[in-house]
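Breakdown of the fold
What follows is each chain in one-letter form.
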Amino acid sequence: MAARIAKNNPPYNAGAFRFELTFSPHHPLSPPRARLCTSIYHPGVDAEGNVCQPLTSTQHWVPSTRATQVLQDLLLLLDSLDPERVLRQDLAWELRQRPELFHRRAEEHTRQHSEPRPEP
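Residues numbered from 1 in each chain as written. Predicted model: local features only at pLDDT ≥ 70, side-chain atom pairs only at ≥ 80, totals over all residues. Heavy atoms only, no water.

Overview of the sheet that holds strand β1 (residues 2-5)
Reading across from one edge, β1-β2-β3 is the order of the three strands in this open sheet, with antiparallel pairing throughout. The two strands at the open ends of the sheet, each matched to only one other strand, are β1 and β3 (33-36). Ignoring which end each strand starts from, the neighbouring axes of this sheet average 30° apart. Examined bridge by bridge, β1 and strand β2 (residues 17-22) share four bridges and lie antiparallel to one another. (Pairing = 2+ DSSP bridges. Helix = DSSP H or I, 4+ residues; strand = E, 2+ residues; numbered from the N terminus. Axes fitted to C-alpha atoms, helices over the stretch in contact; angles between N-to-C directions.)

Spelled out as structure tokens, the structure:
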């Protein structure tokens, strides 16, 4: 499953981000995998688009979890900028120590790499 996310809050509101949610043949016994296909300047998303999403980790996965919950968790990650859900330590440090610089870089990266926002 592939779709786009268009956030309404800075620093990601200047564009849209394509993501994919992949289900294994063993679903729902094994978790789906969320990956951003659009580059994003975010401490919880690595350079390959892998997402720090404890909900879909093998330790926390519950087979009764619905795809909508996985998507809501992904939206929360992109909205919250939680420095504890980290795959990129350098960006987490920048967010904690120099938040104004982080936001400026994230906004610029979004303008350069994101897809156009869908029409309302």
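Side note on the confidence of the model for the chain
For the chain, per-residue confidence averages 92 on the pLDDT scale, and 99% of positions sit at 70 or higher. Mean pLDDT across the secondary structure elements of the chain bottoms out at β1, with 75, and peaks at helix α3 (residues 99-113), with 96. (pLDDT = per-residue confidence, 0-100.)

Topic: the side chain of T56
Mapped onto the elements of the fold, T56 is located in the loop between β3 and α1 (67-80). Since its relative accessible area comes to 14%, T56 is described here as buried. Apart from the residues lying within four places of it in its own chain, the contact partners of T56 are P31, P32, W61 and V70. (Buried < 20%, exposed > 50% of the residue type's maximum accessible area, 1.4 Å probe, protein only. Contact = heavy atoms within 4.5 Å.)

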